[in-house]
Amino acid sequence: MKINEYYRPSSLEDAYLKLQEDSKNVILAGGLWIKKMGQSINTIVDLSTLGLNQISENKNEVIVGSMVTQRDFEKSEIIKGLFGGAIAFSVREVMGVNFRNIATIGGSIMGRYPFSDVICGLLPYDVTLEFYPKQEISLEDYLNYKGKLNAILVSIHIKKEKGIGFYKKVKMTALDFPIINFAVSIVNGKYRIAVGSRPMVASLAHKAMDYINGLDKIDQESYKKAAEIASEELSYLDNKDASKEYRLDLTKVYVKRGLEEVSK
Ligand SMILES: Cc1cc2nc3c(=O)[nH]c(=O)nc-3n(C[C@H](O)[C@H](O)[C@H](O)COP(=O)(O)OP(=O)(O)OC[C@H]3O[C@@H](n4cnc5c(N)ncnc54)[C@H](O)[C@@H]3O)c2cc1C
């Protein structure tokens, strides 16, 4: 990895203007993925002194600064209090504690990593991303956005709603990337189902959600059918960790299990 210049901005505007100066200028958060990619960088713009490492709440939402570390996020009583602790649990599945002390929530979202536990864990909730210059976009729309959003992620807004969640990461060893991951929730009486690492970035299984949310009466067969629909509507691929068929089979098992769990 080669970095020509390190820059510590005095404000978000300063950081943004520096970012625009050159296509090889890059925002620095925890730096773990940047280091792994080993790209050639002109100026690295460090966000660590802009006060973006706070978690706060108001009546309607929880606001997570983009520089909050995964560890601070998972330990936060505010986050643990959301949806039965499901979102905090999903982040605890990433690597080890030392790693999560450095990796940030913002860096985890901006990368749109196909394997991301953080993204999959947040997707079945009402989550909005706030950027500088001022722009708000839902997490799902950001994941579907084609191209690079040349803006700075300031904070992540999680709507406070009544509900509970389930999270499952399937992995070979404790510190591995997921083979596939699942997040299922029931919020205000409506089910939401996210499947990630297929091995593509997490998506909501809209057809399966429409099916189960449209039923008058829900039983074991409905969970099974919704899981089958989720396995059919999303795309799955082979890679060195698992075959497409194995991922499809896991989807049928874990989406059903997730729906059962959140319905208890
Ligand atoms: C070895 C290894 C194993 C991993 N395993 C897993 C895993 O199992 N599960 C999982 O979910 N994740 C995993 N990750 C990813 C990790 O959890 C983080 O998501 C990743 O390191 C990015 O976070 P960071 O703070 O290090 O970001 P950085 O590396 O600093 O930045 C990542 C990217 O986001 C951009 N960026 C960062 N913050 C902002 C911002 N506020 N605004 C605009 N752009 C921004 C940067 O410019 C860069 O392009 C792994 C990463 C590594 C290196």
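Basis of the calculations
- Residues numbered from 1 in each chain as written.
- Predicted model: local features only at pLDDT ≥ 70, side-chain atom pairs only at ≥ 80, totals over all residues.
- Heavy atoms only, no water.
- Helix = DSSP H or I, 4+ residues; strand = E, 2+ residues; numbered from the N terminus.
- Contact = heavy atoms within 4.5 Å.
- Polar contact = N/O pair within 3.5 Å; in protein donor to acceptor, adjacent residues only side chain to side chain.
- Salt bridge = Lys/Arg side-chain N within 4 Å of Asp/Glu carboxyl O.
- Buried < 20%, exposed > 50% of the residue type's maximum accessible area, 1.4 Å probe, protein only.

## Observations concerning the environment of A227
Then, number 1: With respect to the secondary-structure elements, A227 resides in helix 11 (residues 220-233).
Then, number 2: Considered as a pair, A227 and V170 are 57 residues apart in the sequence and their alpha carbons are 16 Å apart.
Then, number 3: With sequence-adjacent residues up to four places away left out, A227 is seen in contact with T251, K252, V255 and K256.

## Concerning the side chain of S66
Then, number 1: Structurally, S66 can be placed in the loop between strand 5 (61-65) and helix 3 (70-75).
Then, number 2: At a separation of 2.9 Å, a polar atom in the side chain of S66 contacts the main-chain carbonyl oxygen of L153.
Then, number 3: Here S66 is in contact with L52, T104, I105, G106, G107, L153, V154, S155 and I156, once residues within four sequence places are set aside.

## Considerations on the pattern of salt bridges
Then, number 1: For the structure on display, the rule yields 13 salt bridges.
Then, number 2: Residues E74 and R100 are paired through a salt bridge, measuring 2.6 Å at the closest nitrogen-oxygen approach. Of this pair, E74 sits in helix 3 while R100 sits in helix 6 (residues 97-100), and the two are 26 residues apart along the sequence.
Then, number 3: The exposure class of E74 is buried, given its relative accessible area of 3%.
Then, number 4: In this structure, E136 and K134 form a salt bridge, with 3.5 Å as the shortest nitrogen-oxygen distance.
Then, number 5: E136 gets classed as partly exposed once you look at its relative accessible area, which sits at 48%.
Then, number 6: The class of K134 is exposed, set by a relative accessible area of 65%.
Then, number 7: Several salt bridges converge on common partners, so that one network encompasses R71, E74 and R100.

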